[in-house]
Structures are given as structure tokens and as C-alpha cells.
Amino acid sequence: MVGALLSEESLYIGMEVLIAVASVIGNVMVVWAVKINKSLRDTTFCFIVSLALADIAVGALVIPLAITISIGLQTHFYSCLLVACTVLVLTQSSILALLAIAIDRYLRVKIPTRYKCVVTPRRAGLAVVVCWTVAFIVGLTPMLGWNNLRRLQQNGSISSDLVITCQFENVISMDYMVYFNFFGWVLPPLLLMLVIYAEIFYMIHKQLNNKKLNTSHADPNKYYDKELNLAKSLALVLFLFAISWLPLHIINCITLFCPDCQKPIVLLYIAILLTHGNSAVNPIVYAFRIKKFRMAFRKIWQQYFCCKDTPALELQPSDRKEMPSLMPQTEMPLRDKILQSDPTPLIQAAPERQQNHSLAPQEQPQLLQQDTV
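Analysis parameters
- Residues numbered from 1 in each chain as written.
- Predicted model: local features only at pLDDT ≥ 70, side-chain atom pairs only at ≥ 80, totals over all residues.
- Heavy atoms only, no water.
- Helix = DSSP H or I, 4+ residues; strand = E, 2+ residues; numbered from the N terminus.
- Buried < 20%, exposed > 50% of the residue type's maximum accessible area, 1.4 Å probe, protein only.
- Contact = heavy atoms within 4.5 Å.
- Areas by Shrake-Rupley, 256 points an atom, 1.4 Å probe, with all protein chains shown as cover.
- Salt bridge = Lys/Arg side-chain N within 4 Å of Asp/Glu carboxyl O.
- Disulfide = S-S within 2.5 Å.
- UniProt positions renumbered as here; feature names shortened; annotations may be inferred.
- Axes fitted to C-alpha atoms, helices over the stretch in contact; angles between N-to-C directions.
- Left-handed = near helix turned anticlockwise from the far one by under 90°.
- Nonpolar A, V, L, I, M, F, W, Y, C, P; charged D, E, K, R; others polar.
- Core = buried A, V, L, I, M, F, W, Y, C linked by side-chain atoms within 4.5 Å.
- Phe/Tyr/Trp six-rings, centres within 6.5 Å; stacked < 30°, edge-to-face > 60°.
- pLDDT = per-residue confidence, 0-100.
- Polar contact = N/O pair within 3.5 Å; in protein donor to acceptor, adjacent residues only side chain to side chain.
- Expected span 1.5 Å × (residues − 1).
- Bend = angle between axes of the 7 residues up to and from the residue.
- Patch = residues over 30% accessible without salt bridge, like charges linked within 9 Å, V, L, I, M, F, W, Y side chains within 5 Å.
- Parallel < 35°, antiparallel > 145°, perpendicular 65-115°, else oblique.

Draft legend 1. Looking closely at the overall build of the protein. The helix and strand tally for the protein stands at 15 helices and two strands. A burial count over the protein gives 42% of its 373 residues as buried. Pairs at least 24 apart in sequence give 81% of the contacts found in the protein among residues at least 6 apart. In the form shown here, the protein has an accessible surface area of approximately 21,200 Å², with 64% of it arising from carbon and sulfur atoms.

Given below as C-alpha cells:
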């Protein structure tokens, strides 16, 4: 039995190391791709970079700490609590970054002609700062007192010097995790994002199914097609986040509402691996679903890993700029059409026009006289 537990723990640690390496490398390439490809530097990819930075921190910081916790290291209570809160901060920053991306996509489809005026780079940067600030407040709340220290002291599970076996459930209150974190800051944003993406798909399909638009204008169709493809990619990121994090939160709910229920350690390890593995999945989604990321990743790989000379990425205009005007273009005047096709008849007719203009001054007095009669 002990050997089986040791093998499960060894497998868990090995999987965590692989996820950490993949998460750091993949998300560094996401940030690198935005740096070298100027056409990726718009507000949406600003939020994607924020999400990538949180995922880098998961691979470089959270996973090593999670491995330390799984070993059962003896630490001071508040040291262990700080480790657990770091995980909560990064998780919350990812959720809020996904929410910011969904709102940005909604505004781009809802007000395409005014989007550039409403969502400026400065406001996007401010939104990123707000997301991280809220994430720190929510994630560090247990440090302010909503933790298990008093309960441990009451039942005598902690020594006078506050040294404890560092495990997540030993320091974090399940009341906080379920009522405040899950019901307050995880589930509502996920449901809101679900509604936002449903509305985005509805608006895009409504525009694409408009017969008048389809038959008369190609550019708006191209605009909404690209918006639809990007919305599908980002909705996939949201879906993967939900299925990665919901199992662990469900286990937390079981722990709170059914304390006597047995939780197999294997299921707990799988739930934790899913949450960490989500940080390594997003770059794969970008590579397969977004062409500009795929091109930038290929350039990075060929130039910096394979040492091959590659042409610079062309500065292509953004595929998702303001939507073209839906007003039909006015028809070209007949004279301009003739000039484009063959200007000779107009040139030959010029002397006649000059003759007519020369007669006009002589005819004008007669007309004036008639008017005065």
C-alpha cells in the first residue's frame, strides 16, 4: 500500500515537472511572438499576454511550490499560507484576464465602427492593472485572517511555534474556498463569459446570414468571418479553463459539505494536474487556431532554435480593424467612366464646348431683356 502511494506520488511529481517546463516554454513563446510580430499588438493580445504571464508564473513558481506541498514539508503556518495564496492570486488573474478578453471581443463585434475610440491602448493597460489588483485582493484574503489557524489551535493540531505540515487544506479554509472564491469569483465570471460568447456568436451569425449584406458587400463578411474564427479560438481557451478548474472546486465543495466523504488521492492528484496543465494548453490553442501566432512560432523555432535565417515577418494590417462602412459606394459618374475607358471623344469635343461658351455672353443679354419685359 505504501509502495503504491509512493509510485503515485512519484508519477504526480514527474507529470508536474513536465507541465512546468511546457508551460514556461510555451507561454514565453506567446510573449515573444507578440514582441516580434507587430500585427499582434492590439488590445486583445494585450490581455492574452497578461494571461501568458500568469501561466509562466504557474510553471515557474506555483508548480515547484505544489511539489513541495505534496512532499509534506514542515514549515511555518504563514509561510505555507503564502504559498497557497500565491496559487489563488494567479488563478484569479487568469479568470479575470479571460473575462477581459471576452468583454473586448463583445465590444469589437457590438460597436465595430467606434471600437478604436472606446478601447484605447491606455484603457486596455488600465484594465490589465485592475485585473491583477483584484486578483491580489481576492487571493491574499486568507492572509488577513480567513484561514485555519484558529481552528488548528483549538483542536491542538499545531505547535506553539506555528510549525505545520504544509498542505493546502491545512491552511486554507474551505468556507473561503467555496463561498468566497468559487461562488463569488470563479463561477460568476465563468457564467458571465458563457453569456458573452453566446451573444457574440449570435451577433456574428446574424450579420453573416443577412442576405443583403452577403450579396452586396464582401468586406463586412470578411470582417465578421475573422471575428468568428478568433471568437471560437478564445471560447475554446475558456472551455479548457472551465473543465480544468471545475473538478478541483467540486472536490472542495465535497470537502466542505461532506467532511466524512472519502476522496481518493488519485482523483485529487488528477484534479491538481488538470489545473496546472491548463497553463500549458493555451499556447497550443493559439498555435493551431490563430495564423499570426503560428507564423511567429515558426519563425522563432527556425531562427533561434534551428539557427536558420528567416525573412522578417511582414507588418500586415490588423485583420480585425474597424469594420468597413456598410454604406454602398456611389456609382462613378459617366464622364469619369468615359475618361477611364477612352478619353479621345472628350478631347475631340473640346473645341465645340469652347465655341458654345463663346456664344454664351452674347445670348445672356437677350435673356435678361426677356426677363425684364
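Draft legend 2. Structural view of the pattern of salt bridges. Counted by the stated rule, this structure contains four salt bridges. Linking Arg108 and Asp42 is a salt bridge whose minimum nitrogen-to-oxygen distance equals 3.7 Å. Linking Arg108 in helix 3 (residues 77-110) with Asp42 in the loop between helix 1 (2-36) and helix 2 (43-71), this pair joins segments that are 66 residues apart in sequence. Note on Arg108: relative accessible area 1%, which makes it buried. Classification of Asp42 by relative accessible area gives buried; the value is 13%.

Draft legend 3. Region of the structure containing the state of the cysteines. Tallied over the full model, the rule gives two disulfides. At a sulfur-sulfur separation of 2.1 Å, the disulfide partner of Cys80 is Cys166. Since a negative S-S torsion denotes a left-handed disulfide, the Cys80-Cys166 link at about 90° is right-handed. Of this pair, Cys80 sits in helix 3 while Cys166 sits in the loop between strand 2 (163-165) and helix 7 (168-171), and the two are 86 residues apart along the sequence. For the pair shown, Cys80 and Cys166 are each scored as buried. With a sulfur-sulfur separation of 1.6 Å, Cys258 is cross-linked through a disulfide to Cys261. Looking down the S-S bond of the Cys258 and Cys261 bridge, the torsion is 70°, so its handedness is right-handed.

Draft legend 4. Geometry of the UniProt feature "transmembrane region" (unreviewed entry) in the protein. When the UniProt feature table is mapped to this numbering, "transmembrane region" (unreviewed entry) covers residues 12-34, 46-70, 76-103, 124-146, 182-204, 234-257 and 269-288. Secondary structure content for residues 124-146 is 70% helix and 0% strand, while the C-alpha to C-alpha distance between its ends is 32 Å. A distance of 34 Å separates the end C-alpha atoms of residues 234-257, which is 100% helix and 0% strand.

Draft legend 5. Local environment of the packing of helix 2 against helix 11 (residues 265-289). Relative orientation of the contacting elements helix 2 and helix 11 amounts to 145°, with a least axis distance of 8 Å. Along this stretch, helix 2 crosses helix 11, giving a crossing that reads as left-handed. Contacts from Ile48, Leu51, Asp55, Val58, Val62, Ile63 and Ala66 in helix 2 reach His276, Ser279, Asn282 and Tyr286 in helix 11. Looking at the contact of helix 2 with helix 11 residue by residue, the classes come out as seven nonpolar, three polar and one charged.

Draft legend 6. Representation of the nonpolar core within the structure. By size, the foremost hydrophobic cluster in this structure holds 93 residues, and its most contacted members are Ile48, Phe77, Ile172, Met193, Tyr197, Tyr286 and Phe293. Top contributing element to this core by residue count: helix 3, with 18 residues.

Draft legend 7. Representation of the packing of aromatic side chains. In total, this model carries 16 aromatic pairs according to the counting rule given. Here the aromatic cluster, defined as three or more aromatic residues joined through ring pairs, consists of Phe45, Tyr286, Phe293 and Phe297.

Draft legend 8. Local environment of the confidence of the model for the protein. Averaged over the protein, the pLDDT score is 82; the fraction of residues at 70 or greater is 79%. Overall, residues 316-332 carries pLDDT values under 50, and its contacts beyond four positions in sequence, including any with other chains, amount to 36 contacts. Confidence over residues 352-373 falls short of pLDDT 50; this stretch has one contact with residues more than four positions distant or in other chains.

Draft legend 9. A look at the side chain of Asn148. Its location among the elements puts Asn148 in the loop between helix 5 (121-139) and helix 6 (149-154). At 3.1 Å, the side chain of Asn148 forms a polar contact with the backbone oxygen of Ile172. In contact with Asn148, not counting residues within four places along its chain, are Phe77, Glu169, Asn170, Val171, Ile172 and Ser173.

Draft legend 10. Focus on the environment of Cys131. Structurally, Cys131 is set in helix 5. Separated by 37 residues in the primary sequence, Cys131 and Ser94 place their C-alpha atoms 8.9 Å from one another. Contact partners of Cys131, with chain neighbours within four places excluded, come to Leu96 and Ala100.

Draft legend 11. Representation of helix 8 (residues 174-208) in the model. Relative to the 51 Å expected for 35 residues at 1.5 Å per residue, helix 8 spans 47 Å between its end C-alpha atoms, a close match to the ideal helical length. A maximum bend of about 50° is found in helix 8 at Phe182. At the N-terminal end of helix 8, a side-chain oxygen is found 3.2 Å from the backbone nitrogen of Asp175, two or three residues along, and the residue is Ser173.

Draft legend 12. Quick peek at a nonpolar patch on the surface. A surface patch of nonpolar side chains, amounting to about 380 Å² of accessible area, comprises Ile265, Val266, Leu267, Ile270 and Leu274. You can see Leu274 is positioned in helix 11.

Draft legend 13. Here's a closer look at helix 3. For helix 3, with 34 residues, the first-to-last C-alpha span of 49 Å sits near the 50 Å given by 1.5 Å per residue. Across the 34 residues of helix 3, 27 count as buried, placing the element largely inside the fold.

Draft legend 14. Examining the packing of helix 2 against helix 3 more closely. Relative to each other, helix 2 and helix 3 sit at 160°, their axes nearing to 9 Å. When the axis of helix 2 is compared with that of helix 3, the two are roughly antiparallel. In this structure, helix 2 crosses over helix 3, and the sense of that crossing is left-handed.

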